[in-house]
Structures are given as C-alpha cells and as structure tokens.
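This is what each chain is made of:
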Amino acid sequence: MAVLRLGVLSSHGGSNLQAIIDACKEGRLHARCCVVISNNSGSMALQRAKNEGVPNYHLSGKTHLSSQQLDQAIRDTLEKHRVNLVVLAGYMKLLGPLTVSHYQGRILNIHPGLLPRFGGKGMHGDKVHKAVLASGDGVTGVTIHLADEAYDHGPIIAQTQVPVFKDDSVESLRGRVLKREHEFYVETLQRIAEGDIELSGL
Ligand code: GRF
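In what follows, the accompanying structure is described. (Residues numbered from 1 in each chain as written. Predicted model: local features only at pLDDT ≥ 70, side-chain atom pairs only at ≥ 80, totals over all residues. Heavy atoms only, no water.)

### Structural notes on the nonpolar core
Residues L6, I20, L29, L108, Y185 and L189 are the most contacted members of the largest nonpolar core, which totals 39 residues. Residue contributions to this core peak at seven residues, all from helix α6 (residues 170-193). When residues no more than four places from it in sequence are discounted, the contact partners of Y185 are N16, I20, V87, L88, A89, L108, N109, I110 and I144. Core analysis: the second largest hydrophobic core is formed by 18 residues, C34, I37, Y91 and I107 among them. (Core = buried A, V, L, I, M, F, W, Y, C linked by side-chain atoms within 4.5 Å. Buried < 20%, exposed > 50% of the residue type's maximum accessible area, 1.4 Å probe, protein only. Helix = DSSP H or I, 4+ residues; strand = E, 2+ residues; numbered from the N terminus. Contact = heavy atoms within 4.5 Å.)

### Details of the environment of A49
Summarising the element assignment, A49 is placed in helix α2 (residues 44-52). Each C-alpha atom, one on A49 and one on V8, is 9.8 Å from the other, the two residues being 41 residues apart in sequence. The residues contacting A49, other than those within four sequence positions of it, are V36, V54 and N56.

### Things to note about the layout of surface pockets
Here the largest pocket is characterised by a volume of approximately 750 Å³. In terms of lining, the largest pocket is formed by 37 residues, of which the most central are G90, Y91, M92, H124 and G125. Elements with a minimum of two residues in the lining of the largest pocket: α1 (15-25), β5 (107-111), α5 (126-135) and α6. Of the residues in the lining of the largest pocket, the class split is 14 nonpolar, 17 polar and six charged. Here the second largest pocket defines a volume of roughly 240 Å³. Taken together, 16 residues form the lining of the second largest pocket, with S67, L70, D71, L94 and G96 sitting closest to its centre. For the lining of the second largest pocket, the secondary-structure elements that each account for two or more residues are α3 (67-80) and α4 (97-102). (1 Å grid on protein atoms, 1.4 Å probe; cavity = no way out; pocket = protein on both sides within 12 Å on 5 of 7 lines; lining within 4 Å. Points joined across faces, edges and corners; volume = space filled by probe spheres on them. Nonpolar A, V, L, I, M, F, W, Y, C, P; charged D, E, K, R; others polar.)

### Let's talk about the packing of α5 against α6
Contact geometry for α5 and α6: axes closest at 9 Å, N-to-C directions at 115 degrees. Taken as axis vectors, α5 and α6 run roughly perpendicular relative to one another. Helix-helix and strand crossings are classified by hand; for α5 and α6 the assignment is right-handed. Listed contacts from α6 to D126, H129, K130, V132 and L133 of α5 are V170, L173, R174 and V177. (Axes fitted to C-alpha atoms, helices over the stretch in contact; angles between N-to-C directions. Parallel < 35°, antiparallel > 145°, perpendicular 65-115°, else oblique. Left-handed = near helix turned anticlockwise from the far one by under 90°.)

### Let's talk about the environment of A89
The residue A89 is located in the loop between β4 (85-88) and α4 in this model. Note: C-alpha distance between A89 and G14 (75 residues apart in sequence) is 7.1 Å. Look past the residues within four positions of A89 in its chain and what remains in contact with it is V8, L9, S10, S11, N16, L17, I110 and Y185.

Shown next as structure tokens:
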C-alpha cells in the first residue's frame, strides 16, 4: 500500500496533531504529516505545525468568502501536498462536498465519546463529557469514524473504552479521554498503514 500522506485539519489546541507528528518522527507511525489546515489563524494547531516545519494554512470564511471557494481551496491544498488520507483532529467545521467527494472513504474524524451516543451537531468537547457524567454511565471512550458532510456521521472504524469514575469532574474526564485519544489515533492510523484496517479509497 502507498505510504500514508496525512493532511490534518484542526481548529484549536492541536494536541492530537502533535501526537501524530511525534509518532511519525519516532517511527511508531509509518506515515508523513504533509500539511496542516486550520480555520483559526491563531490556533495552537498552526503554531505546532510551524514549530515542526510542516506546511500550514489558515483557510476559513475569512480567507474565502463563499463556502464553495473555501471547499475548493481546502481540496486543492490537500491535493497540492499529495495527501491520501485526511485526518480531522478537533476540527470544528464541516467539510464541503468537493472535498468530501474527492476524499470519499479517506477522511477520518475522532470523537471524545462512544458514538452513536453523545454525538451530532453541537455535541463536542466538554459538552460530551458533561452529558456522559449526567448520564451516570460507567464508561465513555473514543470513536474514530469515516467522516462525511454531517457531524459525527459515517461508519465507525475503531472504538475504545475509557472508564468513568464516581468522583470525576469534566476536567478529569476530559484529561483521561484526551490522553487515550492521542494513543488511539496513532494506533488506528498505524493499523491503516499496516493494512490491518482497510479503507476502500486508499
Ligand atoms: C478532542 O477531544 C477531539 O476529540 C475533539 O476536540 C478535541 C481536540 O483536541 N473533537 P486537540 O485540538 O487535538 O487538542
């Protein structure tokens, strides 16, 4: 199989992006992070890409006035860097139809909970952890799924559980889940690199 050439999209902190870059550098993940795109010009994600010498772009409603132009710019930027797998890592926007159809079946997203529970529009970040705590569930987890033009939609390709403890706060739960996200995104990408998980588009 071709070497994985990743294009990572991230809106804020970019800690999953960093975990992926580190794993590539350390040889734990046989892939290359070729480009980083963020809708947020001041994001840590772009700063991390700069620090690591990874080509990076701010593409948003501020740089492109119509959603179609933005969609085209995202697709063209991924193509320019010969990305063959798109990795959404804390990306708060939906991708447009040009990008989704071009990378059909080759766009991954990570969600800090066990989809299909606690997902969908508006269910992100701490809202997920709050809902899990309110539900009284003893387990939460991390889901990696193929992404399409809807929030938290598309076939699940990998899931892992994370315990919820009685005295958990949103902060403690967030920290435990995020730590697992970092490991699990890398593990799952490596399984794709090894052909253990087959993506039809690759
Ligand atoms: C993660 O919890 C991810 O699952 C969610 O947003 C958070 C992003 O964290 N979609 P980071 O930007 O990778 O630090």
